[in-house]
Amino acid sequence: MNYNKSNVRLSVLFWLLYFLYEWIGQATISNEYYRYFINACVIVPIAALATWFTIEVLIKKYLLKKRLTGFRIWFLVSVILFTVARRAFNYYYTYPTYYNSHWNQPFLFPPKLLIEGVNIYLIVALYTMFYFLRAWYEQQRLAQELQRDKAVAQLELLKNQVQPHFIFNTLNNIYSLSLKNSPRTSDLIYRLSSLLSYMLYDSRQEFIPVSKELEYIHNYIELEKIRYGERLDVSVNCFDSVDQFTIPPLLILPLVENSFKHGVSNDVGNSWIRVDLSVKDNWLTVKIENSRVSDALNGHAVYKGIGMENVKKRLEIIYPDRHEFKCMSEGQSFLTILKIKKC
């Protein structure tokens, strides 16, 4: 609807300017305002009708539908009709009235007909060019909007995939402790409620402070430490202030979760996880390194799983050309590096 209104405004403006040109522009030279007002009242409608017929009939109904024979025939017919109409006005009104001389040229004088036709179809061509340039621009804008809407929908789908994944792992922890009648089950339930609160409310926001994600990560780590006990050593270090940074919710946590799933969960001995955050030149760097059993995994296994795949897809959607994501296997450890440039 807005596009149609914009087209109407464009048409009114174009033909108004053309009318003023044929009237004021021409009359200023000879100071004959009445003559050129009458001239504009006839010439402009002829050009406007020729333009409408060319766009709405010839181009849309014939040329764009590849009905080339009909296009050629009707184009020739329309050129003749509109050229003759303009020629008739000048021949029977303009020349006798204002030139006051005997015209011995025939009505169908080829040079004059050529001039009249060129004068009409220069305006037709100019308006048609503006019309289709605007249509192309609108089409590009709609395509970008559709692409953006698709990205948003895909992002929401990915986010919804992440949340059940975390809940499933957390419920497994609660189940394990409940089977052992652990007195710490209530603490685990409390932390689960914090996770659910984060997922239900904070995760609906487009961006959240990094500190909020860190708070969630601390809850998740404490929850996992209950399951692993003393054999797990986890440290989270924030070397610079991250208050200036905001990120999409549930972006860093899957990387931490991946360290547990593909790292310490396969190690029956002592294990460790280190999470480091730093800021430099508007880049937030997150390094997550964990111990692992070298024979248990190869360098590519850590890429598998819902969590890591979702992180990569979300980064591509939200931070195109403004992020780096690397995963490296180094002997007894695995390192993930995420860099995000501040918007």
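Residues numbered from 1 in each chain as written. Predicted model: local features only at pLDDT ≥ 70, side-chain atom pairs only at ≥ 80, totals over all residues. Heavy atoms only, no water.

## Regarding the overall build of the chain
This is how the line gets drawn: Here a helix means four or more residues in a row that DSSP labels H or I, a strand means two or more in a row labelled E, and each is numbered from the N terminus. Each residue's exposure class comes from its accessible area (1.4 Å probe, protein chains only) as a fraction of the maximum for that residue type: buried when under 20%, exposed when over 50%, partly exposed otherwise. Two residues qualify as a contact provided that any one of their heavy atoms is within 4.5 Å of a heavy atom in the partner residue. In short, Shrake-Rupley with a 1.4 Å probe defines the accessible areas, and a residue's cover is counted only from the protein chains shown.
Scanning the chain from N- to C-terminus turns up eight helices and seven strands. Relative to its 343 residues, the chain shows a buried fraction of 40%. In the chain, once contacts between residues fewer than 6 apart in sequence are set aside, the share between residues at least 24 apart is 71%. Accessible area of the chain: about 19,900 Å², with a carbon and sulfur share of 59%.

## Focus: the pattern of salt bridges
The line we're drawing: The term salt bridge refers to a side-chain nitrogen of Lys or Arg lying within 4 Å of a carboxyl oxygen of Asp or Glu.
Within the structure shown, the criterion is met by four salt bridges. Here glutamate 32 and arginine 35 are joined by a salt bridge, their closest N and O atoms 3.3 Å apart.

## Here's the deal with the sheet that holds strand β6 (residues 323–330)
Test applied: Criterion used throughout: strands pair if DSSP finds at least two bridges between them. Here the axes come from fitting lines to C-alpha atoms, over the contacting stretch only for helices, and the angles between their N-to-C directions go from 0 to 180 degrees.
Judged by pairing direction, the sheet is mixed, and its five strands sit side by side in the order β2-β4-β5-β7-β6 without closing on themselves. The sheet is open, and its two borders are formed by β2 (232–238) and β6, each paired with just one other strand. Across the sheet, the mean angle from the axis of one strand to that of its neighbour is 10°, orientation sign disregarded. Bridge count for β6 against strand β7 (residues 333–341) is eight bridges, and the pairing is antiparallel.

## Brief notes about the packing of aromatic side chains
So the rule is basically this: Paired rings are identified among Phe, Tyr and Trp, the last through its six-membered ring, by centres lying within 6.5 Å, and are further divided according to the angle between planes into stacked (under 30 degrees), edge-to-face (over 60) and tilted (the rest). Counting as a charge over the ring demands two things of the Lys NZ or Arg CZ atom: a distance within 6 Å of the ring centre and an angle within 35 degrees of the ring normal.
Within the structure shown, the criterion is met by 17 aromatic pairs. Between tryptophan 15 and tyrosine 18, the aromatic rings sit 6.0 Å apart at their centres with planes inclined by 65°, giving edge-to-face as the arrangement. Pair noted here: tryptophan 15 and tyrosine 18 are both in helix α1 (residues 2–30), with a separation of three residues, about one helical turn. Ring plane angle 25° and centroid distance 5.4 Å describe the contact between phenylalanine 89 and tyrosine 93, whose orientation is recorded as stacked. Separated by four residues within a single helix, phenylalanine 89 and tyrosine 93 lie in helix α3 (residues 68–99), roughly one turn from each other. Taking the relative accessible area as the measure of exposure, tyrosine 93 reaches 26% and is therefore partly exposed. The cationic tip of arginine 67 hangs over the ring face of tyrosine 62; the distance from NZ or CZ to the ring centre is 4.4 Å. A cation over an aromatic ring shows up here: arginine 87 above the ring of phenylalanine 107, its NZ or CZ 6.0 Å from the ring centre.

## Concerning helix α5 (residues 185–200)
Cut-off, in case you're wondering: An expected span of 1.5 Å times one less than the residue number is assigned to each helix. This arc describes the spread of directions from the helix axis toward the C-beta atoms.
Helix length check: α5 (16 residues) gives 22 Å between terminal C-alpha atoms against 22 Å at 1.5 Å per residue, within 8%. Regarding α5, the residues found buried are Thr185, Leu188, Arg191, Leu192, Leu195, Tyr198 and Met199. Buried residues in α5, looked at end-on, bunch into an arc of 130°, giving them a common side. In this structure, α5 carries Ser186 and Tyr190 as exposed residues pointing more than 90 degrees from its buried face.

## So, the side chain of aspartate 276
Rule in force here: What qualifies as a polar contact is a pair of N or O atoms within 3.5 Å, subject to a donor-acceptor requirement within protein and to the restriction that residues adjacent in sequence count only when both atoms come from side chains.
Counting through the fold element by element, aspartate 276 comes out in strand β4 (residues 271–280). Take aspartate 276: its relative accessible area is 13%, and that puts it in the buried class. Reaching out from aspartate 276, the side chain makes a polar contact with the side chain of arginine 274 at a distance of 2.7 Å. Ignoring anything within four residues of it in the chain, the contact list for aspartate 276 reads Asn237, Phe239, Thr285, Val286 and Lys287.

## Remarks on the confidence of the model for the chain
Test applied: Values of pLDDT, the confidence the predictor places in each residue, fall between 0 and 100.
Here the chain averages 81 in pLDDT, and 85% of its residues register 70 or above. Within the chain, strand β5 (residues 283–291) carries the highest mean pLDDT (93), whereas helix α4 (residues 110–179) carries the lowest (76). In this model residues 296–301 is a low-confidence stretch, pLDDT under 50, and it forms seven contacts with partners more than four residues away in sequence or in other chains.

## Focus on the pairing of β5
Relative to β5, β4 runs antiparallel, the two sharing eight bridges. Within β5, the residue paired with isoleucine 273 across the bridge is asparagine 290. Remark: two residues form the turn of the hairpin made by β4 and β5, two consecutive strands paired antiparallel; aspartate 281 in that turn has positive phi of roughly 50°.

## Remarks on unusual backbone geometry
You will see that lysine 66, though not glycine, has its phi angle at about 60°, which is positive. Note on placement: lysine 66 falls in the loop between α2 (33–63) and α3. Residue lysine 66 is classed as exposed on the basis of its relative accessible area of 71%. In the Ramachandran plot, aspartate 321 falls in the positive-phi region, its phi being about 65° despite a non-glycine side chain. By the secondary structure assignment, aspartate 321 is in the loop between α8 (306–318) and β6. The class of aspartate 321 is exposed, set by a relative accessible area of 80%.

## Focus: the pairing of β7
Within β7, seven of the nine residues are buried, leaving the element largely enclosed by the surrounding structure. Note: β5 against β7, nine bridges, orientation antiparallel. The partner of glutamate 289 across the bridge, within β7, is leucine 335. The turn joining β6 and β7, which pair antiparallel and follow one another in sequence, is formed by two residues; a positive phi near 65° is taken by glycine 331.

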